[in-house]
Amino acid sequence: MSMIEFLPEVADFLNAVQGLRIDGQRVAAPETIAVINPSTEAEIARVASADAAHVDMAVAAARQALSGPWGTMSGHDRGVLLWRLADAIEARKDIFGQLDALDNGKPFYKARDVDAVYSARHFRYFAGWASKIEGRTIPVSEPGRFNYTSVEPVGVCGLITPWNYPTLMVAWKLAPALAAGNTIVLKPAEQTPLSALYLADLALEIGFPPGVLNVVPGLGGTAGAALAAHKGVDKIGFTGSTETGRRIVAASTGNLKKVSLELGGKAANIIFPDADLASATDGAFWALFGNNGQSCTAGARLFVHASIREQVLAGLIQRANALSVGPGMARAAHDLGPIISQPQMDKVLSYVAQGEAEGARRVAGGHRLDQPGYFVAPTILDGVSDAMAVAREEIFGPVLAVLSFEDESEVLARANATEFGLAAGLWTNDLSRAHRMAARLQAGTIWINTWGDTDAASPFGGMKQSGYGREMGQEAIALYSQTKSVWLGIKESDLI
Ligand code: NAP
């Protein structure tokens, strides 16, 4: 198979053991993490693994940076730096694309044209916000009092990210946190630390003061836990599983730091019989198989009206069998890459087995591909019922569960019968039904006749156990800011 050649910058990056990035320095650590290419199962790099003492150093550097030039920098100047960072990411999108294709395994073209390009857009959007963070003057009722608010950064923010979109998940948090004037200690997922480290170097190169962005790759139970519990951290912005989210909240109680959580999901996607079936089938297919099912918003529970089930199912199977799956760095533009790791692949395959054991019918895929790498054939399970594990639990892999329904109120109740509430969607040409359902589905994002759209300008986050806080849009600025209320007593003048 023909592979894309490494860019010189990428080859150099992979050859050097990557140190932690603390206070503008590269810091070695006694422990290292082997970064594995899930497309080949080979080790591609070694990265220093932070322990609690390194997290202490990074938090101290971030605290110190708050009282350096960054702390007094105008919003305008922070915006200029963020805009420059956006330009730098875009100019190096091939490098980011290769780094994410290597440690995550996703197709290079998608890593470059989606993940890297959307990350750049994200920084650009929040560059605009940096100079527009304003307080209010408030007409209080007490005479002789003047009241106003100022909006200030929270302080030192610990950002903890998952592996499914290595650059983009960092951008989602980092851009608003920096726009609001915070300093950062970032812990990327242990499987995908490369682009976060590269981004730290880039930020330094284009003029962010040392200590503003510190990156401490490491294990969740060590570096992540130390960050979540650290008394010098003012806020944790976390994206990951609901289970880890609970641990973060528990760890945060020592200093009652602020916490925002973007957690897991089990999104319901509903096709009504009045929908445009060709686009609904296509949309529902990519709602799950986009990013190989490794998306928090994956449309994992597909409810299809009984009257159109056969037709939709045939379209889904045909699409699944036509998908091309291959290494992230293949020259051929594959649709999907591998699963992130052996344990995650094993988990996905065990869900398929459990689904079949509970009575679901496997109509596509369900097996590991006979080649190196953690590849699983795109899988469809038909005849799934609400009680099955594959309908209740987040699989986070290329497994679509198809369920059937008879009427609107029934499917609404079943769609909402989950502990998650990140996203939901429906396909219909009935405008009233679309609005009725959008109002009643319990999820932070609703897609109607589309799926998966996100935009730096539009708030994103979960209801129920999918988390709290909204990233993106002006809500994200609020998430990384705090409001101060200032009162001034005004003396009566002799003139009055
Ligand atoms: P995860 O296991 O929860 O890990 C997420 C991050 O937390 C990683 O950096 C991990 O480090 C770290 N971590 C693990 N244990 C920790 C602890 N005790 N204290 C502090 N940090 C800890 O999730 P994942 O498997 O990487 O990602 C998949 C999950 O993320 C899915 O549930 C998915 O739905 C969710 N997700 C949600 C969104 C959203 O926006 N709502 C977006 C993407 C993904 P290690 O890498 O060392 O384990």
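What counts as what
Residues numbered from 1 in each chain as written. Predicted model: local features only at pLDDT ≥ 70, side-chain atom pairs only at ≥ 80, totals over all residues. Heavy atoms only, no water. Pairing = 2+ DSSP bridges. Helix = DSSP H or I, 4+ residues; strand = E, 2+ residues; numbered from the N terminus. Core = buried A, V, L, I, M, F, W, Y, C linked by side-chain atoms within 4.5 Å. Buried < 20%, exposed > 50% of the residue type's maximum accessible area, 1.4 Å probe, protein only. Contact = heavy atoms within 4.5 Å. Polar contact = N/O pair within 3.5 Å; in protein donor to acceptor, adjacent residues only side chain to side chain. Axes fitted to C-alpha atoms, helices over the stretch in contact; angles between N-to-C directions. Expected span 1.5 Å × (residues − 1). Bend = angle between axes of the 7 residues up to and from the residue. Right-handed = clockwise from strand over helix to strand, strands pointing away. Near = heavy atom within 4 Å. Areas by Shrake-Rupley, 256 points an atom, 1.4 Å probe, with all protein chains shown as cover. Nonpolar A, V, L, I, M, F, W, Y, C, P; charged D, E, K, R; others polar. Domains from an automatic or database assignment. Buried area = accessible area lost by both parts, 1.4 Å probe. Salt bridge = Lys/Arg side-chain N within 4 Å of Asp/Glu carboxyl O.

S.K.: Just checking my understanding: could you explain the pairing of strand β6 (residues 145-153) for this structure?
M.R.: Note on strand geometry: in a regular strand, side chains alternate between the two faces of the sheet. Bridge analysis of strand β5 (residues 137-138) against β6 gives two bridges, and the strand direction is antiparallel. By the bridge assignment, T137 is partnered in β6 with Y148. Connecting the antiparallel pair β5 and β6 is a turn made up of six residues, with G144 showing a positive phi of about 70°. Of the pairings in the sheet, the one linking β6 to strand β20 (residues 481-489) comprises nine bridges and is antiparallel in character. By the bridge assignment, Y148 is partnered in β20 with V486.

S.K.: Before we go on, may I ask you to explain the nonpolar core in this structure?
M.R.: Grouped burial of nonpolar side chains is what soluble globular proteins tend to show. Of all hydrophobic cores here, the largest spans 60 residues; its most connected members are L85, F123, L174, I184, L194 and F208. If near-sequence neighbours (up to four positions away) are discounted, L85 is found in contact with F123, L199, L202, A203, I206 and F208. Judged by nonpolar contacts, the second largest core, of 34 residues, contains A284, F285, L400 and V402.

S.K.: What is the right way to read the side chain of N269 from this model?
M.R.: Position of N269 among the secondary structure elements: in strand β12 (residues 268-271). Under the relative-accessibility criterion, N269 is labelled buried at 0%. Of note is the side chain of N269, whose polar atom sits 2.9 Å from the side chain of W427. Other than its neighbours up to four places away in sequence, N269 contacts A284, A287, R301, L302, F303, G425, L426, W427 and W451.

S.K.: Would you take a moment to explain the sheet that holds strand β18 (residues 445-448) for this structure?
M.R.: The pairing of strands in a sheet comes from backbone hydrogen bonds and takes either a parallel or an antiparallel form. Read across the sheet, seven strands follow the order β14-β15-β16-β13-β12-β17-β18 without closing on themselves; strand pairing throughout is mixed. Each of the sheet's edge strands pairs with one partner strand only, and the pair in question is β14 (361-364) and β18. The average angle at which neighbouring strand axes cross in this sheet is 25°, direction not considered. With four bridges joining them, β12 and strand β17 (residues 423-427) adopt parallel strand pairing. By the bridge assignment, I271 is partnered in β17 with W427. Those strands touched by helix α11 (residues 277-289) are β12, β13 (301-305), β15 (379-382), β16 (399-405) and β17, and its axis lies near 165° from that of β12. The sheet contacts of helix α13 (residues 342-357) involve β14, β15 and β16, and relative to β15 the element is tilted by about 20°.

S.K.: Quick question: what am I supposed to make of helix α7 (residues 166-179) here?
M.R.: Residues spaced three or four apart along an α-helix point in a common direction, a consequence of the helix completing one turn every 3.6 residues. Its 14 residues give α7 an end-to-end C-alpha distance of 20 Å, which sits within 8% of 20 Å, the value for a rise of 1.5 Å per residue. Taken as a whole, α7 carries its principal kink of about 25° at W172; the proline P176 stands between one and four residues after it. Within α7, 14 of the 14 residues are buried, leaving the element largely enclosed by the surrounding structure.

S.K.: When you look at the pairing of strand β8 (residues 183-187) in this model, what are you seeing that I'm missing?
M.R.: In terms of burial, β8 is largely enclosed, as five of its five residues are buried. Burial along β8 is two-sided: T183, V185 and K187 and I184 and L186, pointing in opposite directions, are all buried. With α7 bridging strand β7 (residues 156-160) and its parallel neighbour β8, the resulting β-α-β unit is right-handed. Pairing analysis gives three bridges linking β8 to strand β9 (residues 213-215), with the strands arranged parallel. From the neighbouring strand, V185 faces β9, where its bridge partner is N214.

S.K.: What am I meant to see in the site of the ligand here?
M.R.: Taken together, 31 residues form the shell around the ligand, and within it E190, G220, S241, T244 and E394 come nearest. The contact in question runs from an oxygen atom of the ligand to an N or O atom on the side chain of T244, over 2.7 Å. Within the side chain of E394, one N or O atom sits 2.5 Å away from an oxygen atom of the ligand. When the free accessible area of the ligand is taken as 890 Å², the share hidden by the protein chains comes to 89%. Among the elements of the structure, α9 (220-229), β10 (235-239) and α10 (242-251) are those that each provide at least two residues to the shell around the ligand. When the residues that make up the shell around the ligand are grouped by side-chain class, the tally is 15 nonpolar, 11 polar and five charged.

S.K.: Can you help me understand unusual backbone geometry in this one?
M.R.: Among all residues save glycine, negative phi is the norm, and among peptide bonds the norm is trans. Despite not being glycine, L256 has its phi angle at roughly 50°, a positive value. With respect to the helices, strands and loops of the structure, L256 is situated in the loop between α10 and β11 (258-262). By relative accessible area, which is 65% here, L256 ends up exposed. Unlike most non-glycine residues, M472 shows phi in positive territory, near 80°. Looking at where M472 falls in the secondary structure, it is placed in the loop between β19 (467-468) and α17 (473-479).

S.K.: Would you mind showing me how to read the domain arrangement of the chain here?
M.R.: Many structure descriptions define interface size as the accessible area lost when the parts assemble. Partitioning the chain into domains gives domain 1 (8-263 + 462-483) and domain 2 (268-448). One C-alpha centre belongs to domain 1, the other to domain 2; they are set 30 Å apart. Listed as interface residues are 30 residues of domain 1 and, on the opposing side, 35 residues of domain 2. Roughly 2500 Å² is buried in total at the junction of domain 1 and domain 2, and carbon and sulfur atoms are behind 56% of that figure. Ranking the residues of domain 1 by area buried against domain 2 places E41, W163 and K464 at the top, with a combined share of 23%. The tally of links between domain 1 and domain 2 comes to one salt bridge. R368 is paired through a salt bridge with E41; the nearest N and O atoms lie 3.0 Å apart. Run the count over domain 1 and domain 2 and you get 19 residue pairs in polar contact (both at pLDDT 80 or more). Mapped onto the side of domain 1 that touches domain 2, the elements with two or more residues apiece are α5 (93-103) and α6 (108-129).

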